[in-house]
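Coordinates in review
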Amino acid sequence: MSAAAPERGGVRLREAWLLAATFLVAVSGLVYELIAATLSSYLLGDSVRQFSLVIGVFLSAMGLGAWLSRFAGQAMSGFIWAQIGLGAAGGFMAPAIFFSYAWMESVSLPLYGLLVLVGVLSGMEIPLIARVLKQIGAPKFRFENVLSVDYAGALAASVAFPLLIIPQLGLMSASLSFGALNLAVAGLSLWVFRAEASRAQFTVWAVVFAATLTGLGQSERLVSAAEADLFEDDIILSEATPYQQITVTRYRDRVRLFLDYSIQFDTLDEHRYHESLVHPAMALAPRRRQVLILGGGDGMAVREVLRWPEVEAVTLVDLDPRVTELFRDHPQLSALNGGALGDSRVTVRNMDAWQFAEGSSQLFDVIIADLPDPKNLALSKLYTRQFYGVLAERLSAHGIMVTQAGSPLFARSAYWSVAGTLAAARNPQAPGAGLRVLPYHAYVPSFGEWGFVMAAPQALRPRQLALPPGLKFLTPEVWRAALVFGADTGPVEAEINTLQSHALAGYYQDGWDQWFD
């Protein structure tokens, strides 16, 4: 055997490791970007804006890192230091952001500061790996091979993030786990290139790796500590799904549900919201046999619908199967809706509301849209003229639909945009005309002054309501008052919401920012 044979074997080993490392660091880099984008949308709202900013800042930082990589005198040493830095900055990104938000109610500075740092270090990786491959004399080295492996890693991360990483790990453990992955890459690189490694690198790597593994082992405690500061009550359930973060808190007999850290209901006053949403439309509808509920996976709206003895079937469409499962099967949570989701008249469909409405041929006497606020474009589409036109096609001859429409006080233009959009939606019974609308509101302490809009192909007359027994809030007198708007909540000119304009998301964000920023 020639003396060159072991040397060629060593080059091939190093080349194979560097390409494998390229794949692994690409996975971790994209995961950090997705963690930052998800956290920013959870904590800052407006997911489209936040995802756009995070992607733009991260890519710009990567470009800066690629430029800075030229100043690394030793390419392999620079790559190892970059991996150690990524293990620390990326690994502790989620803990740092969560605790910053919990303690200081501020997230922008640590989020974007760490994002820039992670982006710069990630941007240095590929140029440094390419330099090392050239230096070791890798046979048939082609830069495009490195890029191909890098893109394959990004694809793997983008697929795994919603399907495996978040459901199985959650944001805190995912951040620390991929920090540990970067440090594992650094450690193996130190071994493969041990002749070129320094004692300082071994020492710093060992300390950071030990800290990251300790954090990972204590991740559940870190999550509990962060959430204890975020929520004032005891947390009885905290779970990440591919769609959202679910948190349920309790203080004595008081239970609250938070989705993506935004309150959805408080058992002290949820009856005000759900009675106002459900019963006016049910009372004004001539028939109530078939009812469709969009959203409302907690089953509270279903509970109110089932108070009407004429109801034969309720179809509940909610995107997240975990929410409907919890509020059907969890003893403490199902008790809040009176076991409504287990009722034989109720059918649960876990799918997108628009896809259901477009794909169904069934007609409903009442359609209730208990959907999240239109704080981003993905949700705003469910408040557009096009979507309301699709829903109107699902109404029976004298059917009525109703939607929650946000606050006419805190987001006044947004509320009246919803009302105007419904009025402009296609009327299947009168081509060329819009729907007839009936706006009303109620005070819900957890949300403030809250608005709803009813709509139907035919005229809606706000007559006296015949209500079912057992209601805690809604009375004929309350209903009459609900139809009266004050000078600061009454109609204003607002653009209708369409798939092209998405004016509503802007109105919503501007309104709430004016009050609470």
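Nothing here was measured: the structure is a model prediction, and the numbers come from that model.

Thoughts on the environment of Gly420
In this structure, Gly420 sits in helix α16 (residues 412–424). Through-space distance from the C-alpha of Gly420 to that of Glu493 is 8.8 Å; in sequence the pair is 73 residues apart.

Comments concerning the packing of aromatic side chains
Going through the model one piece at a time under the given rule, you end up with 20 aromatic pairs. Ring geometry for Tyr440 versus Trp479: centroids 5.1 Å apart, planes at 70°, classification edge-to-face. Of this pair, Tyr440 sits in strand β10 (residues 436–444) while Trp479 is found in helix α17 (residues 476–482), placing the two residues 39 residues apart along the sequence. Owing to a relative accessible area of 1%, Trp479 belongs among the buried residues under this scheme. Counting every residue linked through ring pairs, the aromatic cluster contains Tyr273, Phe410, Tyr440, Phe447, Trp450, Phe452, Trp479, Tyr508, Trp512, Trp515 and Phe516. Across from the ring centre of Trp191, 4.7 Å away, lies the NZ or CZ of Arg194, which sits over that ring.

Quick look at the nonpolar core
Within the largest apolar cluster, 90 residues are counted, with the highest numbers of intra-cluster contacts made by Met401 and Met454. For this core, the leading source of residues is helix α9 (residues 270–284), giving seven residues. Residues contacting Met401, with those up to four places away along its chain left out, are Ile367, Tyr388, Leu391, Ala392, Leu395, Leu422, Leu435, Val453, Met454 and Ala455. Counting 69 residues, the second largest nonpolar core, distinct from the first, contains Leu115, Ile129, Ile136 and Phe231.

Description of empty space enclosed by the protein
Tallied over the entire structure, the rule returns two cavities of 30 Å³ or more. Taken as a whole, the largest cavity holds about 40 Å³ of empty space. Broken down by secondary-structure element, the contributors of at least two residues to the lining of the largest cavity are β8 (364–370), α15 (385–393) and β9 (395–404). Broken down by element, the lining of the largest cavity gets its largest block of residues, three residues, from β9. A breakdown of the residues in the lining of the largest cavity according to their chemical character gives eight nonpolar, one polar and no charged. Empty space within the second largest cavity amounts to approximately 30 Å³.

With respect to the pairing of strand β2 (residues 245–251)
Counting buried positions along β2 gives five out of seven residues, so the element sits mostly inside the fold. Summarising the sheet, strand β1 (residues 234–240) and β2 pair through six bridges and their orientation is antiparallel. Looking at the pairing, Leu237 lines up with Val248 of β2. Here β1 folds back onto β2, and the loop between the two strands holds four residues. In this structure, β2 lies alongside strand β3 (residues 254–259), joined through six bridges in antiparallel fashion. Bridged to Arg250 within β3 is Val255. Following β2, the chain reverses through two residues before pairing antiparallel with β3; Arg252 in that reversal takes a positive phi of roughly 55°.

Here we look at the sheet that holds strand β4 (residues 262–266)
In spatial order, the strands read β1-β2-β3-β4; together these four strands make up an open sheet with antiparallel pairing. Unpaired on one side and paired on the other, β1 and β4 mark the two borders of the sheet. Between one strand and the next, the sheet's axes are offset by a mean angle of 20°, whatever the strand orientation. Helix α11 (residues 321–329) rests against β1, β2, β3 and β4 of the sheet, and its axis sits at about 30° to β2.

Looking at helix α5 (residues 108–135)
Residue pairs spaced three or four apart in an α-helix point in one direction, given the helix's 3.6 residues per turn. In a regular helix each residue adds 1.5 Å, so 28 residues correspond to 40 Å; α5 covers 41 Å between its end C-alpha atoms and thus fits that length. Most pronounced at Glu125, the bend in α5 amounts to some 25°, and the proline Pro127 follows within four residues. Just beyond α5, the residue with positive phi is Gly137, at close to 70°.

Here we look at unusual backbone geometry
Here Arg252, not a glycine, exhibits a phi torsion of approximately 55°, which is positive. Of note, Arg252 is situated in the loop between β2 and β3. Take Arg252: its relative accessible area is 68%, and that puts it in the exposed class. One non-glycine residue, Asp260, lies in the positive phi region at around 50°. Within the fold, Asp260 resides in the loop between β3 and β4.

Describing the packing of helix α4 (residues 93–104) against helix α6 (residues 143–192)
α6 packs onto α4 with a crossing angle of 140° between their chain directions and a minimal axis gap of 7 Å. Regarding the angle of α4 to α6, the classification is oblique. Contacts between α4 and α6 involve Met93, Ala94, Pro95 and Phe98 on the former and, on the latter, Leu171, Met172, Ser175 and Leu176.

Focus: the sheet that holds β10
For sheets, the rule is that strands pair by backbone hydrogen bonds, running either parallel or antiparallel. Ordered by their spatial adjacency, seven strands build an open sheet running β7-β6-β5-β8-β9-β11-β10, and the pairing between neighbours is mixed. Whereas interior strands pair on both sides, the edge strands pair on one side only; in this sheet they are β7 (346–349) and β10. Averaged over all pairs of adjacent strands, the angle between strand axes in this sheet comes to 15°, irrespective of strand direction. Where strand β6 (residues 313–317) meets β7, four bridges bridge the pair, whose relative direction is parallel. Paired with Leu316 across the bridge in β7 is Val348. Lying over the sheet, α16 contacts β9, β10 and β11 (448–456), oriented at roughly 5° with respect to β11.

About the criteria used
Within every chain, residues take consecutive numbers counted from 1 along the sequence as written. Local features are withheld for residues below a pLDDT of 70 in this predicted model, meaning they are given only at 70 or higher, and side-chain atom pairs are given and counted only at 80 or more; totals for whole chains, interfaces and linings count all residues. As a rule here, side-chain values cover all heavy atoms of the structure and leave hydrogens and water aside. The secondary structure listing takes helices from DSSP runs of H or I that are at least 4 residues long and strands from runs of E that are at least 2 residues long, numbered from the N terminus. Aromatic pairing here means that ring centres of Phe, Tyr or Trp (its six-membered ring) are within 6.5 Å. Orientation follows from the plane angle: under 30 degrees is stacked, over 60 is edge-to-face, and everything else is tilted. Remark: exposure states derive from per-residue accessible area (1.4 Å probe, protein chains only) relative to the maximum for the residue type, with buried under 20%, exposed over 50%, and partly exposed in between. Note on geometry: a ring has a charge over it if NZ (lysine) or CZ (arginine) is within 6 Å of the ring centre and within 35 degrees of the ring normal. Take the buried Ala, Val, Leu, Ile, Met, Phe, Trp, Tyr and Cys residues and link them wherever side-chain atoms come within 4.5 Å; each set so joined is a nonpolar core. Two residues qualify as a contact provided that any one of their heavy atoms is within 4.5 Å of a heavy atom in the partner residue. Cavities and pockets were defined on a 1 Å grid built over protein atoms only: a cavity is a set of grid points that admits a 1.4 Å probe from which the probe cannot escape, a pocket is an open set flanked by protein on both sides within 12 Å along at least five of seven lines, and lining residues are those with an atom within 4 Å of any such point. Grid points are joined across faces, edges and corners, and a volume is the space filled by probe spheres set on the points. Nonpolar residues are Ala, Val, Leu, Ile, Met, Phe, Trp, Tyr, Cys and Pro. Charged residues are Asp, Glu, Lys and Arg, and all others, Gly as well, are polar. Note: two strands are recorded as paired if DSSP finds a minimum of 2 bridges between them. Between the N-to-C directions of two axes lies an angle of 0 to 180 degrees, each axis being a line fitted to C-alpha atoms and, for a helix, fitted only over the stretch in contact. Here, expected helix span is obtained from the residue count minus one, scaled by 1.5 Å. Note that the bend at a residue is defined as the angle between axes fitted to the seven residues ending at it and the seven residues starting at it. Angle categories are assigned with fixed cut-offs, so that under 35 degrees is roughly parallel, over 145 is roughly antiparallel, 65 to 115 is roughly perpendicular, and the rest are oblique.

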